[in-house]
Amino acid sequence: MSDGPAAQSPWQTVTIRRIEKRTPRVTSFFLQPSRPFAYRAGQHVDVRLTAPDGYQARRSYSIASAPEAGETIELAIERLDDGEVSPFFHDIAAVGDEVELRGPLGGHFVWSDSDGGPLLLVGGGSGVVPLMAMIRHRAARRSAVPVALVFSARVWDEVIFRDELIDFHDRRDGFDLVLALTREPARRPADYSRRVDAAMMEQSMVRLPAPPRFAFVCGSNAFVSAAAQALIDAGVPASLIRTERYGV
Amino acid sequence: MVTRGFSSGRKPPTDTDARIPPGQYLEQGFPVLSAGPTPRVRTEDWSFTLKHGPRPIKKWNWTEFNALPLTKMTRDIHCVTAWTKFDTAWQGVLVDDILADAGIEPPTGFTLALSFDGYTTNVPTKDLTAGKAMVALLYEGKPITPDHGGPARLLIPHLYFWKSAKWLNGLQFTERDEPGFWELRGYHIYGDPWREQRYTGDP
């Protein structure tokens, strides 16, 4: 993997070009940078809001779009009721508004098709966002790298990017989607209605033609801890597992 | 640039404001961040090695290390992901006391912190001595949990918290300032929160 230092990336103004509701709690914001913005799948950005009295709030958000996506970058933001920045996006932000953005950031939780595979991706809730960038990047590059995504959500209607993921799966070109719903019965034949565990990881790896070369796990700290342990229990070496945690 | 419709409702009160570095917000919880799975290091298997380059100077097992003088430090900590947590209470062995037990003065101006999972982070040696840093063994009076870097983690509270390496198993003196794990991946070589040195290229 190319883990070189990121170039200096100062703050820039970006314009909200489109807003699309993904699930009851997650909405995508398509931002148009004012300067060229090259990034890798899996990277994140810092977003900064400024109040009239100069007070600023900043948060990090993963990029959902593929580097090949074109003029805008997509952030899929979950509304946290006790949050400070996500309620602004959900309740106030409108098309045409400007915010400040810095990035791309992060040089570890990244994947390019030239890095190879197979890839095992494990996402919990909005932890799917940087994994989605990798999956879209793979599709945009028409890559043959085998990828399995194990995506845990509470219910069917909270499966972010659900239609697009199922569409990728149905292409039968080496991408496999496995859903694990924790509060509803499974709807697709090979899906699960329980939390991720080692048996699920073993069964998901069987869908890959060879053991994973990399595993990426993203979600809440509790989810990532459980999923990373499940991967280790299923025989994935800890050194192959890259994690990204929201912190809480 | 003022953001339309954004208000400073969460602005901290003035009395705490001075303790929050630029771009940070006050966090009551204790978020967990790491680049890989959480290693479970048993104290029976734990050791700490002081090195000068590749050469070991002295090695301690868990019992020996816990016999060194314990010091309390209660400090505000600042994570590069923008949260600041006040008054975190640690207990551990000052780097000064580790050097004293090894009977050495710092041989070089730079140090790499080494962890069980292969993580490294670099810090100028002067930021570790004179009571500024410790190898922490207890958080709020209890053993540090694996999520937070236990059995032992580095504590350098005046730098962004990625410098306070979790699952610490050694300190290595180096001739040059050698970038560690995150420093090779876009993060600042020094990481002073008060100068907002988050990423490569920040002043």
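(A) Looking closely at the overall build of chain A. Of the regular secondary structure elements, chain A holds 5 helices and 11 strands. Here the C-alpha atoms of chain A give a radius of gyration of 18 Å, agreeing with the 18 Å that 2.2 N^0.38 yields for 248 residues. If you line up chain A on its principal axes, its C-alpha atoms span 55 × 40 × 30 Å. Per-residue burial over chain A gives 48% buried out of 248 residues. Considering only contacts in chain A between residues 6 or more positions apart, those separated by 24 or more positions represent 71%.

(B) Main features of the domain arrangement of chain A. Residue and element names in this part refer to chain A. Assigned domains of chain A: these are domain 1 (12-105) and domain 2 (113-245). One C-alpha centre belongs to domain 1, the other to domain 2; they are set 24 Å apart. Taken together, the contact between domain 1 and domain 2 spans 16 residues of the former and 13 residues of the latter. Among the residues making up the side of domain 1 that touches domain 2, the classes are represented as 8 nonpolar, 4 polar and 4 charged.

(C) Layout of the interface of chain B and chain A. Taken together, the contact between chain B and chain A spans 30 residues of the former and 39 residues of the latter. Within the side of chain B that touches chain A, the residues separate by chemical class into 12 nonpolar, 13 polar and 5 charged.

(D) The arrangement of the sheet that holds strand β11 (residues 241-245) of chain A in detail. Residue and element names in this part refer to chain A. Pairing is parallel across the open sheet formed by 5 strands, whose spatial order is β9-β8-β7-β10-β11. A single partner strand is all that each edge strand has here, and the edge strands are β9 (175-181) and β11. Between one strand axis and the next, the sheet turns by 10° as a mean value, whatever way the strands run. Where strand β7 (residues 119-124) lies against strand β10 (residues 214-219), 5 bridges are found, and the strand directions are parallel. Note that in β10 the partner of Leu119 across the bridge is Phe214. Strand contacts of helix α5 (residues 221-233): β7, β8 (147-153), β10 and β11, with the helix running at about 155° to β10, the strand carrying the most contacts.

(E) Molecular detail of α5(A). All names here are of chain A. An ideal rise of 1.5 Å per residue puts 18 Å on 13 residues; α5 measures up with 18 Å between its terminal C-alpha atoms. Three or more residues of α5 are buried, namely Phe223, Val224, Ser225, Ala227, Ala228, Ala230 and Leu231. Elements that come into contact with the buried residues of α5 comprise β7, β8, α4 (198-206), β10 and β11. In the segment just after α5, Gly235 is the residue with positive phi, at about 100°.

(F) Representation of the environment of A:Pro33 in the model. Residues and elements named next belong to chain A. Relative to the elements of secondary structure, Pro33 occurs in strand β2 (residues 26-33). Through-space distance from the C-alpha of Pro33 to that of Glu98 is 9.8 Å; in sequence the pair is 65 residues apart. Setting aside anything within four residues of it in sequence, one finds Pro33 in contact with Gln12, Val14 and Ile73.

What counts, and where the lines are drawn
- Residues numbered from 1 in each chain as written.
- Chains lettered and ligands numbered in written order.
- Predicted model: local features only at pLDDT ≥ 70, side-chain atom pairs only at ≥ 80, totals over all residues.
- Helix = DSSP H or I, 4+ residues; strand = E, 2+ residues; numbered from the N terminus.
- Rg over C-alpha atoms; globule rule 2.2 N^0.38 Å.
- Buried ≥ 20, exposed ≤ 12 C-beta atoms within 10 Å, placed from the backbone.
- Contact = placed C-beta atoms within 7 Å.
- Domains from an automatic or database assignment.
- Nonpolar A, V, L, I, M, F, W, Y, C, P; charged D, E, K, R; others polar.
- Pairing = 2+ DSSP bridges.
- Axes fitted to C-alpha atoms, helices over the stretch in contact; angles between N-to-C directions.
- Expected span 1.5 Å × (residues − 1).

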